[in-house]
Amino acid sequence: MKRRDFIKLSGAAAIWPLAARAQQSMPIIGFLSARSPSEAASVLGAFRQGLGEAGYFEGKNVTVEYRWAEGRYDRLPELAAQLVHRQVAVIAATGGEPSPLAAKAATATIPIVFTLGGDPVETRLVASLNRPGGNLTGTTIMAVEMGPKRLAFIRELVPKATTVAMLINPNFPTALAEARVVQDSARTVEMQINVLNARTEIEIEAAFTNLVQQSVDALMVGTDPFLLGQRDQFAGLAARHAIPTMYFLREFVQAGGLLSYGPDVRRGYRQAGVYTGYVLGGTKPADLPVLRPTSFLLSINLKTARALGLTLPATVLALADEVIE
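Since this is a predicted model, take the numbers as computed values, not measurements.

Student: Even after reading the chapter, I still don't get the sheet that holds strand 4 (residues 112-116), so can you show me in this structure?
Tutor: Hydrogen bonding along the main chain pairs the strands of a sheet, whether they run parallel or antiparallel. Reading across the sheet, the 5 strands line up as 2-1-3-4-5 and stay open at both edges, with parallel pairing between neighbours. The two strands at the open ends of the sheet, each matched to only one other strand, are strand 2 (63-68) and strand 5 (136-140). Mean inter-strand twist for the sheet, computed between neighbouring axes without regard to direction, equals 15°. Pairing of strand 1 (residues 28-33) with strand 3 (residues 90-94) involves 5 bridges; the strand directions are parallel. Bridged to Ser-33 within strand 3 is Thr-94. Each of strand 1, strand 2 and strand 3 is contacted by helix 3 (residues 76-85), which is oriented at about 180° to strand 1, the strand it contacts most. This element, helix 4 (residues 98-106), spans strand 1, strand 3, strand 4 and strand 5 of the sheet and lies at about 150° to strand 3.

Student: What is the right way to look at unusual backbone geometry in this model?
Tutor: Glycine aside, negative phi is the norm for most residues, and most peptide bonds take the trans geometry. Phi at Glu-190 is positive, roughly 55°, even though this residue is not glycine. Here the phi dihedral of Ser-215 falls at roughly 55°; this positive angle occurs in a residue that is not glycine. With respect to the helices, strands and loops of the structure, Ser-215 is situated in the loop between helix 7 (201-214) and strand 8 (218-221). The exposed category is assigned to Ser-215, whose relative accessible area is 55%.

Student: Looking at this structure, I do not really get the packing of aromatic side chains. What am I missing?
Tutor: Two descriptors summarise a pair of aromatic rings, namely the distance from one centre to the other and the angle between the planes of the rings. Evaluated as defined, the whole model comprises 13 aromatic pairs. A network of ring pairs unites the aromatic residues Phe-208, Phe-234, Tyr-247, Phe-248 and Phe-252 as a single cluster.

Student: Which parts of the structure should I look at to understand the sheet that holds strand 7 (residues 192-197)?
Tutor: A sheet is described by the order of its strands in space; here 7 strands give the open sequence 7-6-8-9-10-11-12, paired in mixed fashion. A strand with exactly one partner marks an edge of an open sheet, and here the two such strands are strand 7 and strand 12 (322-324). Put simply, the sheet's adjacent strands are angled 20° from each other on average, direction ignored. In the sheet, strand 8 pairs with strand 9 (residues 245-247) via 2 bridges, with the strands oriented parallel. In the sheet register, Met-220 faces strand 9, and the bridge partner there is Met-246.

Student: Any chance you could explain the layout of surface pockets here in plain terms?
Tutor: In this approach the atoms are scanned with a rolling probe the size of a water molecule, which exposes any empty space left behind. Within this model, the largest pocket holds a volume of roughly 310 Å³. Together, 15 residues line the largest pocket, and Arg-267, Gly-268, Arg-292, Pro-293 and Thr-294 are the ones closest to its centre. Secondary-structure elements contributing two or more residues to the lining of the largest pocket are strand 5 and helix 11 (265-280). When residues in the lining of the largest pocket are grouped by element, the largest group, 4 residues, is from helix 11. When its residues are assigned to classes, the lining of the largest pocket shows 5 nonpolar, 6 polar and 4 charged. Empty space within the second largest pocket amounts to approximately 240 Å³. Along the walls of the second largest pocket sit 18 residues, with Glu-70, Gly-71, Arg-72, Arg-199 and Phe-226 positioned nearest its centre. If one sorts the elements of the lining of the second largest pocket by residue count, helix 8 (residues 225-229) sits on top with 3 residues. Split by residue class, the lining of the second largest pocket holds 4 nonpolar, 7 polar and 7 charged.

Student: What's the story with the side chain of Arg-35 in this structure? I'm lost.
Tutor: Summarising the element assignment, Arg-35 is placed in the loop between strand 1 and helix 2 (41-53). Given a relative accessible area of 5%, Arg-35 falls into the buried group. Of note is the side chain of Arg-35, whose polar atom sits 2.8 Å from the side chain of Glu-39. The contacts of Arg-35, once residues within four sequence positions are left out, are Ala-40, Val-43, Trp-68, Ala-69, Glu-70, Gly-71, Gly-95, Pro-225, Leu-228, Arg-231 and Tyr-269.

Student: Where do I start with the pattern of salt bridges in this structure?
Tutor: Close approach of charged atoms allows side chains of opposite charge to pair. Scanning the entire structure with this criterion turns up 13 salt bridges. The shortest N-O distance in the salt bridge between Arg-231 and Glu-39 comes to 3.0 Å. Of this pair, Arg-231 sits in helix 9 (residues 231-240) while Glu-39 sits in the loop between strand 1 and helix 2; the two residues are 192 residues apart in sequence, bridging distant segments of the chain. Under the relative-accessibility criterion, Arg-231 is labelled buried at 15%.

Conventions adopted
Residues numbered from 1 in each chain as written. Predicted model: local features only at pLDDT ≥ 70, side-chain atom pairs only at ≥ 80, totals over all residues. Heavy atoms only, no water. Pairing = 2+ DSSP bridges. Helix = DSSP H or I, 4+ residues; strand = E, 2+ residues; numbered from the N terminus. Axes fitted to C-alpha atoms, helices over the stretch in contact; angles between N-to-C directions. Contact = heavy atoms within 4.5 Å. Buried < 20%, exposed > 50% of the residue type's maximum accessible area, 1.4 Å probe, protein only. Phe/Tyr/Trp six-rings, centres within 6.5 Å; stacked < 30°, edge-to-face > 60°. 1 Å grid on protein atoms, 1.4 Å probe; cavity = no way out; pocket = protein on both sides within 12 Å on 5 of 7 lines; lining within 4 Å. Points joined across faces, edges and corners; volume = space filled by probe spheres on them. Nonpolar A, V, L, I, M, F, W, Y, C, P; charged D, E, K, R; others polar. Polar contact = N/O pair within 3.5 Å; in protein donor to acceptor, adjacent residues only side chain to side chain. Salt bridge = Lys/Arg side-chain N within 4 Å of Asp/Glu carboxyl O.

Spelled out as structure tokens, the structure:
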């Protein structure tokens, strides 16, 4: 072997272990989600943005291990256990309550940053919003509290509505509580809420058949990451059966749904990314208060409204934050 070639080979051999050690020395984030990667690209981008704001960039100074349940919540305990076995530095438990509940059950020592839909105090994830305690903190969209407001928008849109269906996934931890809040609100205005369950695509299809048979005036979709992942299916079925439908996030409206009222979930994911970076930097989850949204978006799809033969009240249009033509 020529001396020049030997020097090149020796140099490459020396560099490779250094690169490998650098990769191994990066902290590892375990990203645990109840959702699917194919439909969660925007919120994942928001998480990475927040992580970057805290000074961490995937592949440069931090590694991310992804685990996706794809709407099958029963998979989350095993996925969380995998991340604990991987000895990650922090778990970002996203996509609603099933994810942080599984992470909490898997470890009492690894820090956990969550995004969820309800009250983390009621689900016993934290001791309080301002002082979480333990090894968890994060963000919530407080979906249960928004139910009565969504019902009020349905009443403005369909003033003669007396019977409204609410479709929930009973496997989601806060679904029944959200339905009860909506039913209590409906009683005060003499409206009837028919609660339907759907855990799968087939059950969603069957639920719409029941809605037609019940001759409901409108539909409200309960908060749930699996149902969010089926937003294209919802938009298509609501259009086919001509059912005015209220959703909990703007992503449904962007897919062709009629209207939604809720926070910009991307902000919650961005803040979760920031918090994850803080934890990597040494901040304890117990010292980071759980964050709630400070603003909510009313999104309306005018094309869908016209297809349904609905005339939107000027008061509703004036309140809209986003109108899709």
